[in-house]
Amino acid sequence: NQCCWILTSQNCFVPISEIIAVEEREFNKKQRNIGRWQKMAKLHAFTVYYVKRARNHRWRCSDVTFWCVDEHLCNQWTQALKESLEMQKSRPKQLLVYINPYGGKRQGKRIYEQKVAPLFNLASISTDVVITEHANHAKDNLFEVNIYKYDGVVCVGGDGMFSEVMHGLIGRMQKDSGIDQNNPKASLVQCNIRIGIIPAGSTDCICYSTVGISDPVTSALHIIVGDCQPLDVSSVHHNNTFLKYSVSLLGYGFYGDILKDNSEKKRWMGPMRYDYSGFKTFLSHHYYEGTIAYQPAKRTHGSPRDKESCRTGCYICKKSEKQLAEQTKEHGLKHEEGEEEWKVIKGKFLAINAVNMSCACPRSPKGLSPAAHLADGSADLILVRKCSRFDFLRYLVRHTNQDDQFDFPFVDVYRVKCFQFTSKLSEDNESNVMDIGKKRFGQFCRDHPACCCNIVNSTWNCDGETLDSSAIEVRVHCQLMKLFARGIEENCKDEAACSQSSIEQLL
Ligand SMILES: Nc1ncnc2c1ncn2[C@@H]1O[C@H](COP(=O)(O)OP(=O)(O)OP(=O)(O)O)[C@@H](O)[C@H]1O
Ligand SMILES: CCCCCCCCCCCCC/C=C/[C@@H](O)[C@H](CO)NC(=O)CCCCC
Ligand SMILES: [Ca+2]
């Protein structure tokens, strides 16, 4: 029962849902026989391992040992606690684990073996572990194995590794349900097999934005207690062909160019390669011309300029969950064609970013859109128009401090449910007006050679992977998948306040 609590000897309350394991203990008489009367009695003991909150959303495994002289009483306690743990139905028993040994600082295998596997053992979770041998190994494997025998899939790596596992799972669900992913209007089948992320990559934005920290032990504990966080997923299509899914950043211009510069050859630099490419891309200061058409997300509550962020138990995401359930009840899987109007914006942009979540990460703890929601069925579309290098720097710096990064005349932000983008170049090509001058003068703007306006296209950065087409059609699928997470918890000033707030939440 979620409302059962134990009071530990350190005077802190632990909800049953946050107990990791209970173990009988061999009591060591020599160590404990301090009092005279104890010499005569045989002692019995059990240890409770539980989640302890540390600073900055970190979770740690703490333990407390209870002992008594009455063997029957001791057994009763252990039995009762173990039965209560058995009743926690959302906890995983069997997991499929994929480890990318080459992600981030190449520490994935060590992190899993030293920090995560011992905790899974303690919590009696059995695992099948696959160490990937090449890119797409995990994704392809998910189409072959019996995924339905697992309570979840864990990926040890960065955002790229998560993306692979997500594509494998969502793709497999659609295949098994006979849904054509190439149809941009298809209603996709929700994936109920949760994904756990053990962060071991370069940006780890998805883990950071859903847990509040990128820390392997914290993530392992969220998996053990069986947390569940639904997540919006965007589908990306070009000409009725499925390209990719995205959960964090879909970025054209600045973030696309960073990735393009960031070739596999630079992987030896580890996470540093992004700073190097970021600096180079900032100096190049390229603009791109194009047209964006979007449908505003009218049914979702909240706005990208809100002061409150999405947190554990977010009521805006809960409302979307309710709406989604009602909609599914009414229309089943049939896609309901929106009647809402399309808004069209043409212009020259330094960056076009569409984010399904805040995209908080260690480089930017509040993220690209601090008020974006994990599971509200919408994305925040951020348009950074042509501006000076100095203004763009001011905009970037605001990602790292408390100032509002949307409070600039050259930045617009909209909450959308779908959008389309066409670059000026592909518009021109489509209308068959091939300007020979473009070829002759190379990649820079013929009319204004010094304006840095690029005639060639940029590339889309889709959760850290490049897309082959610049013209794309994007649609947000509300809560298409689930993570072993609970969103970012409100900050607790001290442990006592933390326990108190958890009690209030449960009551
Ligand atoms: N054994 C492997 N060899 C080479 N590449 C792999 C292997 N396993 C997975 N990959 C690929 O490596 C890519 C990057 O991995 P990952 O996301 O773990 O690290 P990262 O790029 O350093 O971190 P981030 O994505 O957070 O920036 C993934 O897209 C994945 O497809
Ligand atoms: C003067 C200081 C200015 C500093 C400005 C910092 C702004 C940083 C915002 C970072 C936003 C990251 C969004 C996440 C994108 C991920 O899906 C993707 C895959 O891991 N990472 C990158 O593309 C890697 C992106 C790397 C960006 C540097
Ligand atoms: Ca969202």
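In this text, all values refer to a predicted model and were calculated from it rather than measured experimentally.

## Comments concerning the overall build of the chain
What the chain contains, in helices and strands, is 14 helices and 20 strands. For the chain, with 507 residues in total, the buried portion stands at 54%. Counted over contacts in the chain with a minimum sequence separation of 6, partners at least 24 positions apart contribute 79%. Looking at the chain as shown, the accessible area adds up to about 24500 Å², and 50% of this sits on carbon and sulfur atoms.

## Concerning the nonpolar core
In this structure, Phe162 and Met481 are the most contacted members of the largest nonpolar core, which totals 70 residues. Residues in contact with Phe162, not counting those within four places in the same chain, are Cys155, Ile195, Ile197, Ile206, Leu231, Val247, Met481 and Leu483. In terms of nonpolar packing, the next biggest core, distinct from the first, is built from 27 residues, Trp59, Val116, Leu119 and Val154 among them.

## Section: the site of ligand 1
Residues in close proximity to ligand 1 total 23 residues, the closest being Gly104, Thr132, Gly158, Glu164 and Ser202. At a separation of 2.9 Å, an oxygen atom of ligand 1 approaches a polar side-chain atom of Asn100. Asp204 has a polar backbone atom sitting 3.3 Å from an oxygen atom of ligand 1. Elements with a contribution of two residues or more to the shell around ligand 1: helix 5 (159–176) and helix 9 (272–284). Broken down by element, the shell around ligand 1 gets its largest block of residues, four residues, from helix 5.

## A look at the site of ligand 2
The local shell around ligand 2 holds 16 residues, among which Asp159, Thr203, Ser248, Tyr274 and Asn461 are the closest. A distance of 3.0 Å is found between an oxygen atom of ligand 2 and a side-chain nitrogen or oxygen belonging to Ser248. One of the side-chain nitrogen or oxygen atoms of Asn461 is found 2.9 Å away from an oxygen atom of ligand 2. Its residues assigned to classes, the shell around ligand 2 comprises eight nonpolar, five polar and three charged.

## Considerations on the sheet that holds strand 4 (residues 44–53)
An order of 3-4-5 is seen for the three strands of this open sheet, with the pairing classed as antiparallel. Because the sheet does not close on itself, it has two edges, and the strands there are strand 3 (19–25) and strand 5 (59–68). Shown here is a sheet whose adjacent strand axes are inclined to one another by a mean of 20°, direction ignored. Bridging between strand 4 and strand 5 involves ten bridges; their strand directions are antiparallel. Paired with Arg53 across the bridge in strand 5 is Trp59. The sheet contacts of helix 7 (residues 216–224) involve strand 3 and strand 5, and relative to strand 5 the element is tilted by about 60°.

## Things to note about helix 10 (residues 315–331)
End to end, helix 10 covers 24 Å across 17 residues, agreeing with the expected 24 Å (1.5 Å per residue, within 8%). Burial in helix 10 covers these residues: Ile316, Cys317 and Ser320. Projected down its long axis, helix 10 carries its buried residues within an arc of 90°, all on one side. Exposed and facing more than 90 degrees away from the buried side of helix 10 are Tyr315, Lys322, Lys329 and Glu330. Summarising the contacts, the buried residues of helix 10 are in contact with strand 20 (472–483).

## Here we look at the coordination of the calcium ion (ligand 3)
Bound to the calcium ion (ligand 3) on the protein side are Asp232 (OD), Asn356 (O), His373 (O), Asp376 (OD) and Ser378 (O), at distances that span 2.3 to 2.7 Å. Spacing between the donor residues of the calcium ion (ligand 3) along the chain follows D-x123-N-x16-H-x2-D-x1-S. Of this pair, Asp232 sits in strand 10 (residues 229–238) while Asp376 sits in the loop between strand 14 (343–355) and strand 15 (379–385), placing them 144 residues apart in sequence. What makes Asp232 buried here is its relative accessible area of 0%.

## What to know about the UniProt feature "domain: DAGKc" (unreviewed entry) in the chain
As annotated by UniProt and renumbered to match this structure, "domain: DAGKc" (unreviewed entry) occupies residues 90–240. Structurally, residues 90–240 is divided into 36% helix and 23% strand, and its ends, taken at the C-alpha atoms, are 38 Å apart.

## As for unusual backbone geometry
Located in the positive-phi region is Asn56, a residue other than glycine, with phi close to 55°. Structurally, the position occupied by Asn56 is in the loop between strand 4 and strand 5. Its identity as a non-glycine residue notwithstanding, Asn239 has a phi of 50°, on the positive side. The exposed category is assigned to Asn239, whose relative accessible area is 67%.

## A closer look at the packing of aromatic side chains
Overall, the coordinates contain 16 aromatic pairs when judged by the stated rule. Taking 6.4 Å as the distance between ring centres and 75° as the angle between the ring planes, the aromatic pair formed by Tyr395 and Phe408 counts as edge-to-face. Of this pair, Tyr395 sits in helix 11 (residues 389–397) while Phe408 sits in the loop between helix 11 and strand 16 (411–423); the two residues are 13 residues apart in sequence, bridging distant segments of the chain. Look at Phe421 and Trp460: their rings are 5.6 Å apart centre to centre, the planes differ by 80°, and that puts the pair in the edge-to-face class. Remark: Trp460 occurs in strand 18 (residues 460–462) and Phe421 occurs in strand 16; sequence separation between them is 39 residues. Judged by its relative accessible area of 2%, Phe421 falls in the buried class. When its relative accessible area of 1% is taken as the criterion, Trp460 is described as buried. Three or more aromatic residues link up through ring pairs in this structure, and these residues are Phe254, Tyr255, Phe282, Phe392, Tyr395, Phe408 and Phe410. A cation sits over an aromatic face here: Lys386 above Tyr287, 5.4 Å from the ring centre.

Conventions and cut-offs
- Each chain carries its own residue numbering, running from 1 in the written order of its sequence.
- As they are written, the chains are lettered A onward and the ligands numbered 1 onward, keeping that order.
- At least 70 in pLDDT is required for a residue's local features to be given in this predicted model, at least 80 for side-chain atom pairs to be given and counted, and no such filter applies to totals for whole chains, interfaces and linings, which use all residues.
- Note that water and hydrogens are dropped before the side-chain values are worked out from all heavy atoms of the structure.
- By definition, any uninterrupted DSSP run of H or I lasting at least four residues is a helix, any uninterrupted run of E lasting at least two residues is a strand, and each is numbered from the N terminus.
- Buried residues are those whose accessible area, probed at 1.4 Å on protein chains only, stays under 20% of the maximum for their type, while exposed residues exceed 50% and partly exposed ones sit between those limits.
- Residue contacts follow a heavy-atom distance rule, with two residues in contact if any of their heavy atoms lie within 4.5 Å.
- Using a 1.4 Å probe, accessible areas were evaluated by the Shrake-Rupley method; residue-level cover was limited to the displayed protein chains.
- Nonpolar core, defined: a set of buried Ala, Val, Leu, Ile, Met, Phe, Trp, Tyr and Cys residues in which side-chain atoms within 4.5 Å join the residues together.
- Residues are counted as near a molecule or strand when any one of their heavy atoms sits within 4 Å of it.
- Counted as a polar contact is a pair of N or O atoms within 3.5 Å, where, for protein atoms, one must be capable of donating a hydrogen and the other of accepting one, and residues adjacent in sequence contribute only when both atoms are in side chains.
- When residue character is reported, Ala, Val, Leu, Ile, Met, Phe, Trp, Tyr, Cys and Pro are called nonpolar, Asp, Glu, Lys and Arg charged, and the others, Gly included, polar.
- When DSSP locates at least two bridges between a pair of strands, those strands are taken to pair.
- To obtain each axis, a line is fitted to C-alpha atoms, and for helices this fit is confined to the stretch in contact; angles are then taken between N-to-C directions over 0 to 180 degrees.
- To estimate the expected span of a helix, subtract one from its residue number and multiply by 1.5 Å.
- It is the directions from the helix axis to the C-beta atoms that the arc portrays.
- Counted as donors are the N, O and S atoms within 2.8 Å of the metal, or 3.2 Å for Na, K and Ca, while water is not among the atoms, so some sites may look incomplete.
- UniProt positions are given in the numbering used here, feature names are shortened, and annotations may be inferred rather than shown by experiment.
- Centres within 6.5 Å are what make two rings of Phe, Tyr or Trp a pair, Trp counting through its six-membered ring; a difference in plane orientation under 30 degrees is then read as stacked, over 60 as edge-to-face, and the rest as tilted.
- Either the NZ atom of lysine or the CZ atom of arginine qualifies as a charge over a ring when it sits within 6 Å of the ring centre and within 35 degrees of the ring normal.

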